[in-house]
Amino acid sequence: MAKNKISRIDQEIAKVREKIEEYQDKLKTLEAQKTEAENLEIVQMVRALRLTPAQLKAMLSDNMLPGMDAASTDYTEQEEIDHEE
């Protein structure tokens, strides 16, 4: 009887491991899809600016991105607040 129970537990373990592998594969696929969608969104935003490659390069190298200064300032201030707590 104990061997029967152990056998059933082993079968259940095998099923769970199989499901885990399936979910890991699904997770990898979903993460890749998300990355691709994010990349596509970025490309669409850049194209909407209608800049030449040289203009885009200049904008990126000069840190002329909209909201860039505000975001870095907000982050620094939040970091300081977190350290005070």
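Preceding this section is the structure that the text describes.
Computed from a predicted structure; not experimentally measured. (Residues numbered from 1 in each chain as written. Predicted model: local features only at pLDDT ≥ 70, side-chain atom pairs only at ≥ 80, totals over all residues. Heavy atoms only, no water.)

Chemist: Help me understand the overall build of the protein chain in this model?
Modeler: Along the backbone of the protein chain there are three helices and zero strands. Counting helices and strands in the order they occur from the N terminus, the protein chain gives α-α-α. Sorting the 85 residues of the protein chain into buried and exposed places 1% on the buried side. (Helix = DSSP H or I, 4+ residues; strand = E, 2+ residues; numbered from the N terminus. Buried < 20%, exposed > 50% of the residue type's maximum accessible area, 1.4 Å probe, protein only.)

Chemist: Explain a nonpolar patch on the surface here, please?
Modeler: On the surface, a nonpolar cluster with roughly 260 Å² of combined accessible area is contributed by Ile42, Met45 and Val46. For Met45, the location among the structural elements is in helix H1 (residues 2–49). By relative accessible area, Met45 is classed as partly exposed at 49%. (Patch = residues over 30% accessible without salt bridge, like charges linked within 9 Å, V, L, I, M, F, W, Y side chains within 5 Å. Areas by Shrake-Rupley, 256 points an atom, 1.4 Å probe, with all protein chains shown as cover. Salt bridge = Lys/Arg side-chain N within 4 Å of Asp/Glu carboxyl O.)

Chemist: How do you make sense of H1 when you look at a structure like this?
Modeler: Residues lying three or four places apart along an α-helix face the same way, a consequence of the helix completing one turn every 3.6 residues. Between its first and last C-alpha, H1 extends 70 Å over 48 residues, near the 70 Å set by a 1.5 Å rise per residue. Trailing H1 by a residue or two, Arg50 shows a phi angle of about 55°, which is positive. (Expected span 1.5 Å × (residues − 1).)

Chemist: What is the right way to read unusual backbone geometry from this model?
Modeler: The general pattern is negative phi for most residues beyond glycine and trans for most peptide bonds. Positive phi values are uncommon outside glycine, yet Arg50 reaches one of about 55°. For Arg50, the position within the fold is in the loop between H1 and helix H2 (53–61).

Chemist: What should I look at first to understand the pattern of salt bridges in this one?
Modeler: It is possible for side chains of opposite charge to pair when their charged atoms get near one another. What the rule picks out here adds up to one salt bridge. Ionic pairing is found between Lys34 and Glu38, a salt bridge with its closest N-O pair at 3.9 Å. One end of the pair, Lys34, and the other, Glu38, are both in helix H1, four residues apart, so they sit about a helical turn from each other. Classification of Lys34 as exposed rests on a relative accessible area of 53%. Its relative accessible area of 37% is what places Glu38 among the partly exposed residues.

Chemist: What should I look at first to understand a negative patch on the surface in this one?
Modeler: A cluster of like negative charges, contributed by Glu18, Glu21, Glu22 and Asp25, occupies part of the molecular surface. On the secondary structure map, Glu21 appears in helix H1. (Lys, Arg positive; Asp, Glu negative; His and termini not counted. Charge placed at Lys NZ, Arg CZ, Asp CG, Glu CD.)

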